[in-house]
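Working through the structure, step by step
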Amino acid sequence: MDMNFTYNAEIKGIIFDKDGTLFDFNATWGAWAQHMLRQEAGGDDARLTALARVLGYDLGTAQFLPSSIVIAETVEVVAKAMLPHLPDADGPTLIARMNAAASMVPQVEATPLIPFCEALAGRGITLGIATNDAEAPARAHLQAAGIIDAFSFVAGFDSGHGGKPAPGQLHAFCRATGLAPATCVMVGDSLHDLHAGRAAGMRTIGVLTGPASRADLSPEADIVLGSIAELPDWLATQI
């Protein structure tokens, strides 16, 4: 339901997805994916086309399709989809190579993140990250953006809590911070994010800085915002 949804509980914690939420998805990963796929294909055009197809990536526009598994799945799932087209590769090596490369990708912020995080901290809100990326590159991206210290909790799919759409990361955020789920909000750009939030008993906010549309997200979101830049104004309506 795409509406301004009011709960009785005060909002005390916000847990964010990373890619497509804090950082614009295609602006960050579109060009990088083209380079990565060409490297993995090793000059074989048929292999390149097959890799792009299984990942839901448009080589012409250098963008991921809304149906792409890369949007919400873990790097393990992505690597598994690629391996049938990379006969000389093995899973652990491919995953390590992708994680190392991803750690170095410059992230395009959905909104200037330092003042954004400072504004939320000024409201006394505890912040967390729940991503289906691995934890190490996630921390590297937050560090590069200068906001790592703003987050009391950072979890990747490999942090021991599972990945989304299961709610394990969100439950771990609540355990780590002592906050009740009813006082927390999950913010993300995919249905995996919103399903995890619902399963954890949190409010859910969709954002349109990933490939998913408003129509995709609205059924599982309390509200859909254009980007996290609109979040402070929405919070002001909840007090």
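Structure report, in brief. (Residues numbered from 1 in each chain as written. Predicted model: local features only at pLDDT ≥ 70, side-chain atom pairs only at ≥ 80, totals over all residues. Heavy atoms only, no water.)

**Some details on the sheet that holds strand 6 (residues 184–188)**
With parallel pairing, 6 strands are arranged side by side in an open sheet as 5-4-1-6-7-8. Only two strands of the sheet have a single partner each, and these edge strands are strand 5 (153–155) and strand 8 (223–225). Taking the axes of each pair of neighbouring strands and ignoring which way they run, one obtains an average angle of 20 degrees across the sheet. The sheet contact formed by strand 7 (residues 203–207) and strand 8 spans 3 bridges and is parallel. By the bridge assignment for strand 8, Gly206 is matched with Val224. Contacting strand 6 and strand 7, helix 8 (residues 191–200) runs over the sheet at an angle of about 170 degrees to strand 7. (Pairing = 2+ DSSP bridges. Helix = DSSP H or I, 4+ residues; strand = E, 2+ residues; numbered from the N terminus. Axes fitted to C-alpha atoms, helices over the stretch in contact; angles between N-to-C directions. Contact = heavy atoms within 4.5 Å.)

**Here's the deal with the pattern of salt bridges**
Within this structure, the stated rule accounts for 7 salt bridges. The closest approach of N and O atoms between Lys18 and Asp19, which form a salt bridge, is 2.8 Å. Across the salt bridge formed by Lys164 and Asp193, the nearest N and O atoms sit 2.6 Å from each other. Here the residue Lys164 occupies a position in the loop between strand 5 and helix 7 (168–177), and Asp193 occupies one in helix 8, the gap between them amounting to 29 residues. Judged by its relative accessible area of 5%, Lys164 falls in the buried class. Look at Asp193 and you get buried, because its relative accessible area is 1%. (Salt bridge = Lys/Arg side-chain N within 4 Å of Asp/Glu carboxyl O. Buried < 20%, exposed > 50% of the residue type's maximum accessible area, 1.4 Å probe, protein only.)

**So, helix 5 (residues 113–122)**
Buried within helix 5 we find Leu113, Phe116, Cys117 and Leu120. All buried residues of helix 5 lie within an arc of 95 degrees about the axis, which places them on one face of the element. The exposed set on the far side of helix 5, more than 90 degrees from its buried face, consists of Glu118 and Gly122. Buried positions along helix 5 lie against strand 1 (13–16), strand 4 (126–130) and helix 10 (231–237). Where helix 5 ends, the next residue or the one after it, Gly124, has phi of about 80 degrees, a positive value. (Arc of directions from axis to C-beta.)

**Things to note about unusual backbone geometry**
In this model, Lys164 is joined to Pro165 through a cis peptide bond whose omega is 20 degrees. Along the chain, the position of Pro165 falls in the loop between strand 5 and helix 7.

**Things to note about the side chain of Asp193**
Within polar-contact distance, the side chain of Asp193 engages the backbone nitrogen of Asp189 at 3.0 Å. Side-chain polar atoms of Asp193 contact the backbone nitrogen of Ser190, separated by 3.1 Å. (Polar contact = N/O pair within 3.5 Å; in protein donor to acceptor, adjacent residues only side chain to side chain.)

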